[in-house]
Amino acid sequence: ETGRNFGAGMSGGIAYVYDRSGDFDRRVNYEMVEVEHLADDDRTFLRSALERHCEYTDSAVARRMLAAWNVEVSRFRKVMPIDYKRVLTVISESEAAGLTEEETVDKIMEAARG
């Protein structure tokens, strides 16, 4: 379970939250973060992380989740900080445009100023 105001102050990284009760969306600070649907690469990452966790810890919970993966994966929420997403978008666009590292940093700083 998470507390209320989840994501307040979250400026970087991605959080994957397992929402067993189905009420996580009501406890999110939407001023700082967005809750996104999982993409295929998110599902692949989560399954791999859960498999490694199961391997290292022999977790019964992880085994149960992997056994019912098609149901369990739908309970995960991807929490993305708005500012971090903006930076990732700038980096992706800069790479596609063939910008140098210095030009990319300039674009990031410009995006950070709004």
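From a predicted model like this one, the values you see are computed outputs, not experimental measurements.

**Topic: unusual backbone geometry**
Then step 1. At N5, a position not held by glycine, the phi torsion is positive, near 70°.
Then step 2. You can see N5 is positioned in the segment before β1 (15-18).
Then step 3. Assessed through its relative accessible area of 39%, N5 is described here as partly exposed.
Then step 4. Unusually for a residue other than glycine, D58 sits at a positive phi of about 55°.

**Topic: a negative patch on the surface**
Then step 1. Residues E101, E102, E103, D106 and E110 make up a contiguous surface patch of negative charge.
Then step 2. Along the chain, E110 falls in helix α5 (residues 101-112).

**Here's the deal with the packing of aromatic side chains**
Think of a pair of aromatic rings as described by two things: how far the centres are apart, and how the planes are tilted against each other in angle.
Then step 1. For the coordinates displayed, the defined rule picks out four aromatic pairs.
Then step 2. Ring geometry for Y16 against F45: centres 5.5 Å apart, planes inclined by 35°, an arrangement best described as tilted. Taken together, the positions of Y16 in strand β1 and F45 in helix α1 (residues 40-57) put the pair 29 residues apart, joining distant regions of the chain.
Then step 3. Residue Y16 is classed as partly exposed on the basis of its relative accessible area, which comes to 23%.
Then step 4. Exposure remark for F45: the relative accessible area of 43% places this residue in the partly exposed category.
Then step 5. Ring centres 6.2 Å apart and planes at 45° place the aromatic pair W69 and F76 in the tilted group.
Then step 6. You can call F76 buried: its relative accessible area is 11%.
Then step 7. Counting every residue linked through ring pairs, the aromatic cluster contains Y18, W69 and F76.

About the criteria used
Residues numbered from 1 in each chain as written. Predicted model: local features only at pLDDT ≥ 70, side-chain atom pairs only at ≥ 80, totals over all residues. Heavy atoms only, no water. Helix = DSSP H or I, 4+ residues; strand = E, 2+ residues; numbered from the N terminus. Buried < 20%, exposed > 50% of the residue type's maximum accessible area, 1.4 Å probe, protein only. Patch = residues over 30% accessible without salt bridge, like charges linked within 9 Å, V, L, I, M, F, W, Y side chains within 5 Å. Areas by Shrake-Rupley, 256 points an atom, 1.4 Å probe, with all protein chains shown as cover. Salt bridge = Lys/Arg side-chain N within 4 Å of Asp/Glu carboxyl O. Lys, Arg positive; Asp, Glu negative; His and termini not counted. Charge placed at Lys NZ, Arg CZ, Asp CG, Glu CD. Phe/Tyr/Trp six-rings, centres within 6.5 Å; stacked < 30°, edge-to-face > 60°.

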